[in-house]
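Here's the letter readout for the chains.
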Amino acid sequence: MKYESLAAFPPGFLWGASTSAYQVEGAWDEDGKGPSVIDARESYPAGTSDYTVASDHYHRVTDDVALFAELGLTAYRFSVAWSRIVPDGDGEVNPAGIDFYHRLIDELRAAGIEPVLTMYHFDLPQALQEKGGWSERSTVDAFVRYAGILFEEFGDKVTYWLTINEQNMMVMHGAALGILPPGTDDPAREAYQQNHHMLVAQARAMALAHEVLPAAKIGPAPNISSVYPASPAPEDVVAATTFSAIRNWLYLDVAVHGRYSATAWAYLVERGWAPRVDHGDMEMLAAGHPDFIAFNYYTTHTVAAPLGDGTDAGDTGDQHIVLGEEGVYRTAPNPYLTKNEFGWEVDPVGFRTTFREIYDRYHLPLMVTENGLGAFDVLEEDGTVHDPYRIEYLSQHVEQMQLALTDGVEVIGFCPWSAIDLVSTHQGVRKRYGFVYVDRDETDLRDLRRIRKDSFGWYKALIETNGEQA
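Enquirer: When you look at the overall build of the chain in this model, what are you seeing that I'm missing?
Expert: For the chain, the helix and strand inventory stands at 15 helices and 15 strands. The C-alpha atoms of the chain give 21 Å as radius of gyration, which agrees with the globular expectation for 470 residues (23 Å, within 12%). Overall size of the chain, expressed as C-alpha extent along the three principal axes, is 55 × 55 × 45 Å. For the chain, the proportion of contacts with a sequence separation of at least 24, taken over those separated by at least 6, is 76%.

So, in structure tokens, the structure goes:
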């Protein structure tokens, strides 16, 4: 649909940017912080950095927030490291960890930046993992207790809360993210049992937030992507809707409606992966109501009907490059899309489609909590960083977001990935997403100096005009 004029971004629209604790903070074992599953990893993709120092945000928080204020951010989406607050996951609270996040939130609010707090972004405390992690019901209780600590400490300063970042990616690609416990007899079945426990924990945390923080707004933050059929063939359409149910709606249907997607549940039953649902679970799921939906978007997927000849399935180790599942769907190239240098298809129009699909299904306000372009940015000899490719990517996606607004979708914020350079999941420090360049490489910390990229100036101008200069 084409419009004669587009809806303006509403007053108070949250123009933000995002990071996560383990990818940006560093200080992995300082001031009482306990180890997380990320810290306990023994291997990383060849030649990439670990997360022990990352961008050293922990020690540079004041200067970084000053940069965010200069950029003009009106929101900053960050995550709290669970093991910085509760080092072993369910024991004593660490006052130094509490103090750090008070300082960060106070700096943000003093700069007029709305904090958007993610409670859990992949980094389960290692002590809980050693007890069975999300396979154990005790982790559900530990998460709800942790949520209550956050609500009590920061509830008078934080309005927007995110429960679990990209739960669907943790479940579907846990091996690629390095967070699944080794040695389980049936990893997929175990992952979906863990998923059920996370869904229960999320619902209980949302219910608790509404009980103790009546003015707060809380919601899930999965990675959502439209799925195209490779052709109009009915079998391809079935494969696409099946994969969309498995990838997207399984998670959001439970979060919003308190029930599993029928298609996704049938898939789990067929595979023998249906989780054990304990007495009272469905009532707890039904009691957790999000106020909005946050979602991360990078690309779409195109799939076809399975061939059943042993070639349907594959794995690249990258959650954004899907290679199918035997008897369910197989991947297909989309000839209408280009790819970035990491093989991800670039689909700004799919962003608009994804907005529509989520909003039409749930009718809740939407906040984008990740969207961005990773690239091997170059620091020039004159100290500049030119990233026109990032400006082009984000500009195209902002245009499509405005079209989604015009379509009638209620969009309340846009927090691209990432505010500053950090350690990416697959390509370490070299793959950069930020508006601010951090001067380090995989092995040499250099001076960790912050350098504004060209995209910094572009985004600043966009925010100043409330999206008119996309």
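Alright, that's what it looks like, and here's the rest.
Enquirer: Help me out: how do you make sense of the sheet that holds strand β9 (residues 330-331) in this one?
Expert: Strands in a sheet are paired, the pairing made by backbone hydrogen bonds, and the direction either parallel or antiparallel. With respect to topology, three strands assemble into an open sheet ordered β6-β8-β9, the strand pairing being mixed. Two strands bound the open sheet, and with one partner strand each, they are β6 (227-229) and β9. Sheet analysis places β6 next to strand β8 (residues 301-304), joined by three bridges and oriented parallel. Residue Pro229 lies in a different strand from β8, and its bridge partner there is Val303.

Enquirer: Teacher, can you tell me more about unusual backbone geometry here?
Expert: A negative phi holds for most residues other than glycine; trans holds for most peptide bonds. The amide bond that connects Trp417 to the next residue, Ser418, takes the cis arrangement and shows omega of 10°. Relative to the elements of secondary structure, Ser418 occurs in the loop between β13 (411-414) and β14 (436-438). Look at Glu166: it is not a glycine, yet its phi comes out positive at around 45°. Structurally, the position occupied by Glu166 is in the loop between β4 (160-165) and α7 (167-172). Residue Glu166 is classed as buried on the basis of its relative accessible area, which comes to 4%.

Enquirer: What's the story with the packing of aromatic side chains in this structure? I'm lost.
Expert: Any aromatic ring pair is given by two values, namely how distant the centres are and how the planes are angled relative to each other. Here the structure, examined in full by the defined rule, presents 36 aromatic pairs. For the pair Tyr44 and Tyr51, a centre-to-centre distance of 5.8 Å together with 55° between the ring planes defines the contact as tilted. Given a relative accessible area of 4%, Tyr51 falls into the buried group. Relative to Phe143, the ring of Trp134 has its centre 5.9 Å away and its plane inclined at 55°; by these criteria the two rings are tilted.

Enquirer: Help me out: how do you make sense of the nonpolar core in this one?
Expert: If you look at soluble globular proteins, the nonpolar side chains tend to sit buried side by side. Ranked by size, the top nonpolar core spans 132 residues in total, and within it Met119, Trp161 and Met401 carry the most contacts. What Met401 contacts, discounting residues up to four positions off in sequence, is Phe9, Phe13, Trp15, Phe351, Phe355, Val368, Val411 and Phe414. Ranked by size, the runner-up nonpolar core spans 11 residues in total, among them Val116, Ala221, Met367 and Cys415.

Calculation notes
Residues numbered from 1 in each chain as written. Predicted model: local features only at pLDDT ≥ 70, side-chain atom pairs only at ≥ 80, totals over all residues. Heavy atoms only, no water. Helix = DSSP H or I, 4+ residues; strand = E, 2+ residues; numbered from the N terminus. Rg over C-alpha atoms; globule rule 2.2 N^0.38 Å. Contact = heavy atoms within 4.5 Å. Pairing = 2+ DSSP bridges. Buried < 20%, exposed > 50% of the residue type's maximum accessible area, 1.4 Å probe, protein only. Phe/Tyr/Trp six-rings, centres within 6.5 Å; stacked < 30°, edge-to-face > 60°. Core = buried A, V, L, I, M, F, W, Y, C linked by side-chain atoms within 4.5 Å.

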